[in-house]
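# Close look at the chain arrangement
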Amino acid sequence: MNSLRMLENDDDDAAEVTLEDQNRISTFSKLNARIRNLEAKLQELRQEKEALDDLSTELELADEDEPVLYDATSRLPCESSLIIIRPRYKVGETFLHMPLPRALKRLEKDQDGLSAQLSSVATTVEQYEKEMKELKVTLYAKFGSAINLDE
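Rules used in this analysis
Per-chain numbering applies: the sequence of each chain, read as written, is numbered from 1 onward. Confidence filtering applies because this is a predicted model: local features only for residues at pLDDT of at least 70, side-chain atom pairs given and counted only at 80 or more, and all residues used for totals across whole chains, interfaces and linings. The side-chain values count all of the structure's non-hydrogen atoms but skip hydrogen atoms and water molecules. Strands are runs of DSSP state E lasting at least two residues, helices are runs of H or I lasting at least four, and both sets are numbered from the N terminus onward. A 1.4 Å probe rolled over the protein chains alone gives each residue an accessible area, and that area as a share of the maximum for its type sets the label: buried under 20%, exposed over 50%, partly exposed in between. Throughout, a contact is declared for two residues whenever any of their heavy atoms are within 4.5 Å. Areas reported as accessible are Shrake-Rupley estimates using a 1.4 Å probe. Residue values count occlusion only from the protein chains shown. Take a side-chain nitrogen of Lys or Arg and a carboxyl oxygen of Asp or Glu: if they are within 4 Å of each other, that pair is a salt bridge. Each helix should span, by expectation, one fewer than its residue count multiplied by 1.5 Å. In this analysis an axis means a line fitted to C-alpha atoms, helices contributing only their contacting stretch, and an angle means the value between N-to-C directions, from 0 to 180 degrees. Small angles under 35 degrees read as roughly parallel and large ones over 145 as roughly antiparallel, with 65 to 115 read as roughly perpendicular and the rest as oblique. By definition, turning the near helix anticlockwise from the far helix through less than a right angle yields a left-handed crossing, and turning it clockwise yields a right-handed one. Here the term charged refers only to Asp, Glu, Lys and Arg, the term nonpolar to Ala, Val, Leu, Ile, Met, Phe, Trp, Tyr, Cys and Pro, and the term polar to all other amino acids, Gly among them.

### Details of the overall build of the protein chain
For the protein chain, the helix and strand inventory stands at three helices and four strands. Ordering the α and β elements of the protein chain from the N terminus gives α-α-β-β-β-β-α. Burial statistics for the protein chain: of 151 residues in total, 28% are counted as buried. The long-range share in the protein chain, meaning contacts at least 24 apart out of those at least 6 apart in sequence, stands at 57%. Roughly 10800 Å² of accessible area belongs to the protein chain as shown, and the carbon and sulfur atoms make up 49% of that amount.

Laid out in structure tokens, this is it:
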């Protein structure tokens, strides 16, 4: 019976959760989940960009007469490049014969596209973080320590 009175006293101090508050909490949760997914995607894109940069360096150092096999899906030079007579570029599941200068142009185009993707995803993450910060301020102002919005 004593514990029931304590709960009743605590309820008097608790703020009422309105529909608007529930929507804010739900929005915060959704943004948090999206940010986690986007951060994983950012990590993948950064690794892919690093691989493209490494490949670009390797291709720039290659002779134009030297055969090159470029796997566009993995973004890495293939080990079997010594066997190939002409340079090839992998698009999807197929390889295309491509001269080295054209492969370099294609690689540059891939790098530009990847940079644009990285920029777009990073901007979205920043926008979500800003929205979450605003929601945190609002929710902590109303609920104080009764709500935990940290990861």
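Alright, that's what it looks like, and here's the rest.
### Some details on the pattern of salt bridges
Here the structure, examined in full by the defined rule, presents five salt bridges. With a closest N to O distance of 3.4 Å, Asp 21 and Arg 24 form a salt bridge. Highlighted residues: Asp 21 and Arg 24, both in helix 2 (residues 19-61), separated by three residues, approximately one helical turn. Lys 142 serves as the salt-bridge partner of Asp 21, at 2.4 Å between the closest nitrogen and oxygen. Of this pair, Asp 21 sits in helix 2 while Lys 142 is found in helix 3 (residues 100-143), placing the two residues 121 residues apart along the sequence. Given the relative accessible area of 35%, Lys 142 is considered partly exposed.

### Brief notes about helix 3
Because each turn of an α-helix spans 3.6 residues, side chains separated by three or four positions in sequence point in the same direction. With 44 residues, helix 3 extends 63 Å between its outermost C-alpha atoms, agreeing within 8% with the 64 Å of an ideal straight helix rising 1.5 Å per residue. Downstream of helix 3 by one or two residues, Gly 144 has phi in the positive range, about 60 degrees.

### Focus on the packing of helix 2 against helix 3
Close contact between helix 2 and helix 3 brings their axes to 8 Å; oriented N to C, the two are set at 155 degrees. Classified by the angle between their axes, helix 2 and helix 3 sit roughly antiparallel to one another. In this structure, helix 2 meets helix 3 at a crossing whose hand is left-handed. A class-by-class count of the residues in the contact of helix 2 with helix 3 yields 23 nonpolar, eight polar and 15 charged.

### Here's the deal with the environment of Asp 21
Classification of Asp 21 as buried rests on a relative accessible area of 2%. Spatially, the C-alpha atom of Asp 21 lies 9.1 Å from that of Lys 142, the residues being 121 residues apart in sequence.

### Details of the environment of Ile 147
Inspection of the secondary structure assignment puts Ile 147 in the segment after helix 3. Overall, the relative accessible area of 14% leaves Ile 147 in the buried class. On a C-alpha basis, the gap between Ile 147 and Lys 136 in space is 9.8 Å, while along the polypeptide they are eleven residues apart. Residues contacting Ile 147, with those up to four places away along its chain left out, are Ile 25, Leu 139 and Tyr 140.

By themselves, these figures tell us nothing about what the structure is for.
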